[in-house]
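The lines below spell out each chain.
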Amino acid sequence: MRADAADGPADRADGVWSGDWVAERLGVELVGDDGLTGLLGLALRRNPKRAHLLVSHVLGKHVPQSPSVVYGYGWELGRRVRELLGDDEARRAVVLGYAETATGLGHCVADGLGLAPYLHSTRRPIAGLDPAGGFEESHSHATSHLLLPEDPALLAGDGPLVLVDDEFSTGNTVLNTVRDLQGRYPRRRYVVVALVDMRSAADTGRLEEFAREIGARVDLVAAASGTVRLPEGVLEKGQELVARYESESATGSAAGGSSAGAAPSGLVAQFPAPPDSGVAVGADQEADPSGARGTARTTPTGPHPDDDRTDPHVTRIDLHWPHDLPDGGRHGFTPAHRERLEDALPAMARRLAHALPHDARRVHVLGFEELMYAPLRLARELERDTDLEVRYSTTTRSPVLAVDDPGYAIRTRLAFPAHDDPADGPGERYAYNVAGAGFDAVVVVVDSAADTPALHAPDGLLARLAAHTPEVLLAVVPSYAPERPRMLPEPLRGPDFSSYAPEEVGWLLQDLSDVTLEAPTEEREEAIQSGGAHYAESLPVEYQPSEQYQELFHAALEESAARIAQAVGVVTETVLAERSPRPVLVSLARAGTPVGILMRRWAQHRHGLDLPHYAVSIVRGRGIDANALRWLARHHDPRDVVFVDGWTGKGAITRELAQALEEFEKSDGITGFSPEIAVLADPGSCVRTYGTREDFLIPSACLNSTVSGLISRTVLRADLVGPHDFHGAKFYRELAATDVSVAFLDAVSARFPEVADAAGAQAKELLAADRSPTWEGWAAVERISEEYGIHDVNLVKPGVGETTRVMLRRVPWKVLARAGAGSDLDHVRLLAEQRGVPVEEVDGLPYTCVGLIHPQYTRGATGADGKAVAL
């Protein structure tokens, strides 16, 4: 049978509301929206803080319901949240559900929202996994909630937090949650979602006052609203009523050995359950000594995985649950996880359907406490793809009085011992309204942590169910317990690693200073071009500048410091205006590192901001350091991260970063990192965020480590960098005498005051302009590659910075210089002279210069054909 959310629950069955029994005896009134009594019934529970219990007909906890109805209510609430937030805010949101009753509802809301990850609180701690938060639910029978995301960064963003509970009664739980999380992860917006909003006017005002107090906006989305009117002394009256029926029922059970007919007015209320079947049944049910309804059929299932015995109660079903897919949101459930589940659901539902008895017509899928979502989705898929009448609910910790009366929401109750070794010790658990409901089969869905001998014991859940349905089936979902991630080390900092001050930059690298990695330039070039080695597997011998070259560097720095300072100001102001008011600067080592430090200094100078700054490795053809990304995601909101580089050439690293982040998002499920690089100079027109698009000499490109904190370029080699390691680099302490790294920074920073106004004005102009990349540099490189017979764009290095790198690290073939280029090329001409490389002036060159790496290189060869001609 198919059902939709629109079908909804009936307002009353046979003219009787499932709250009448409590309302008549305690004077409790439920008032509010039309249809409110269709969503809720009333029951009594053993609880010193609140006697009555609002029992939802559409939650799938205490009352079996069509899974399509249960899912539909949550999904529709999620759609309303998405409409409220808009897609941009929805992408930045996190959905948080409350254990245990709203774990499934929160999942469904996240599905409706569609763009946000999901997490639910839990009462199941994980050894070695530190909570990212916690709070108390004051009215609950089990109050402590833990937040245990596998990725702590899940809660670290400042986007909207969507809090989902089944009912919003006083607001205490939400206040406790927000109070805890706002101190850890401050944000500006919260959305509270509930099936029913049952707050009093006083409670409504209290939440609004709290929102003003913390300076955050709080919205509320509910399927219906109303309030519960409680007469004076209702708690005491409710406790007396529960105690009286407990006593009478226990007396009847002791006298007759059966619960049938033991209490007046058709009531059976048992704490604990009778020893025969664990169920409280009404006088109108068959009083078979075994408590069985119909004929119980047992199917051997083979050895139980824990104790090598044959379980007589159940048929075990292998769902083929996808490997490493979380069983729910206890540790986080991302949109990528949702896609994997959607793909796998049809096949898993077919396995369920195939295992059911051929004559089954009414089937119940019974979830387990916090494990609500996976059973719900399986039940819904079974309902959609078969003609079966499917109902869904879950077991619970909550002790509720059972009364077999149409005017009472909890008609029957199965009691059984806890079977998942709970952290708070053993106790009784319950399944409501399942016994006596006429199901031809019950499919029990638990996680593997709950598939214990206690589940299969003579007084366990499976045995209790087998007494009341012809067929019990068991599907076990693997419990997802995140591996404690290997702790990555803290960033390396100067003076132990690099000549920069420790606050200027943290290097997400490992120190390989004691490893010999250098090889002669010609040897490296031959190995790289022959495919025998990757360029990141070794290092070139560090170029030692001559006295004449050092003089050129200092002259260039004096001439260009103000121009560089203005470009630093422009790119930093653009980042602060467009990307984040408090960005996390992440330089692409090593050319990006001096620029990142300068941007950090500008933000401090102009705005008083103390921005975090790190340097990470990115390797062409192998991507960005994934472990560095994981470290960043654990310590910062990925949406605040801004990748920084010195300049663009043809845009290869821009493309590399975009592809690497896409692959990382798929592999790790961590979203939010933007591939948009911020650069000082963008002569190739490859990015939107830049200080200038002029191709001019940036003195930090003139040298290698001696202008980059004495750090080598990064290294990625399998025998040195394991799967849980950062990429490597060396610290050349021995070159300290020629180090100008800090001198370069200070020379540029000293010019900040004089260029501040011009930088601000230029940034405003750029922010209003069309800065879309044209990729004209890439087109020029392709043209040059073909024109000069190279046929490999990787050997064409456009721009002053990239040409300088060719001269210092690779085997250059020739330099193309724009006709009339002036002092910006003095250092390039000197290097070319020292290495015997021709400089060819070209009219109409889009860059100031282009360096061509020797194509088809073998030592001693020259020319595009690779023929051996002595240099």
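Here the structure is a predicted model, which is why all the values come from computation and not from measurement.

### Observations regarding the pairing of strand β23 (residues 584–589)
1) Next: Burial within β23 is extensive, with six of its six residues counted as buried.
2) Next: Summarising the sheet, β23 and strand β24 (residues 613–619) pair through five bridges and their orientation is parallel. Within the sheet, the bridge partner assigned to L588 lies in β24 and is V616.

### A closer look at the sheet that holds strand β10 (residues 217–229)
1) Next: Pairing is mixed across the open sheet formed by six strands, whose spatial order is β1-β10-β9-β8-β4-β5. The outermost strands of the open sheet, each flanked by one partner alone, are β1 (29–32) and β5 (118–120). Mean inter-strand twist for the sheet, computed between neighbouring axes without regard to direction, equals 30°.
2) Next: With four bridges joining them, β1 and β10 adopt antiparallel strand pairing. Its bridge partner lying in β10, L30 is registered against V228.

### Comments concerning the pattern of salt bridges
1) Next: In this structure the tally under the stated criterion is 41 salt bridges.
2) Next: For D88, the salt bridge identified is with R91, shortest N-O distance 3.5 Å. With D88 and R91 both in helix α4 (residues 87–91), this residue pair falls three residues apart, about one helical turn.
3) Next: Overall, the relative accessible area of 59% leaves D88 in the exposed class.
4) Next: R124 is the salt-bridge partner of D447, the closest N and O atoms lying 2.8 Å from each other. With D447 in strand β17 (residues 441–447) and R124 in the loop between β5 and β6 (133–136), this residue pair connects regions lying 323 residues apart in the sequence. In this pair, the class of D447 matches that of R124, namely buried.
5) Next: Within this structure, E504, R600, R601, D610 and D746 form a network of salt bridges that share partners.

### Notes on helix α10 (residues 373–385)
1) Next: With 13 residues, α10 ought to run about 18 Å at 1.5 Å a step, and its terminal C-alpha atoms sit 18 Å apart, in line with that.
2) Next: Turning to α10, its buried residues number three or more, namely Y373, A374, P375, L376, R377, L378, A379, R380, E381, L382 and E383.

### A word on the sheet that holds strand β14 (residues 389–395)
1) Next: If you walk across this open sheet you meet the five strands as β12-β18-β17-β13-β14, and the pairing is parallel. Looking at which strands have only one partner, the edges of the open sheet turn out to be β12 (315–317) and β14. Recorded for the sheet is a direction-independent mean angle of 25° between the axes of neighbouring strands.
2) Next: Bridge count for β12 against strand β18 (residues 472–477) is three bridges, and the pairing is parallel. By the bridge assignment for β18, I317 is matched with A475.

### Some details on unusual backbone geometry
1) Next: Residues A99 and E100 are joined by a peptide bond in cis, for which omega reads -10°.
2) Next: Locating E100 in the fold gives a position in the loop between β4 (94–97) and α5 (103–113).
3) Next: In the segment running from A589 into R590, the intervening peptide bond is cis, with an omega of 5°.
4) Next: Within the secondary structure, R590 sits in the loop between β23 and α15 (592–607).

### Things to note about the pairing of strand β13 (residues 362–368)
1) Next: Of all seven residues that make up β13, six are buried, and the element is covered over most of its length.
2) Next: Inspection of the sheet shows β13 paired to β14 by seven bridges, in the parallel sense. Across the sheet, the residue bridging to G367 is T394, located in β14.
3) Next: Read as a crossover between parallel neighbours, the route from β13 over α10 to β14 is right-handed.
4) Next: Direction of pairing for β13 relative to β17: parallel, over a ladder of four bridges. By the bridge assignment, L366 is partnered in β17 with V444.

Criteria and cut-off values
- Residues numbered from 1 in each chain as written.
- Predicted model: local features only at pLDDT ≥ 70, side-chain atom pairs only at ≥ 80, totals over all residues.
- Heavy atoms only, no water.
- Buried < 20%, exposed > 50% of the residue type's maximum accessible area, 1.4 Å probe, protein only.
- Helix = DSSP H or I, 4+ residues; strand = E, 2+ residues; numbered from the N terminus.
- Pairing = 2+ DSSP bridges.
- Axes fitted to C-alpha atoms, helices over the stretch in contact; angles between N-to-C directions.
- Salt bridge = Lys/Arg side-chain N within 4 Å of Asp/Glu carboxyl O.
- Expected span 1.5 Å × (residues − 1).
- Right-handed = clockwise from strand over helix to strand, strands pointing away.

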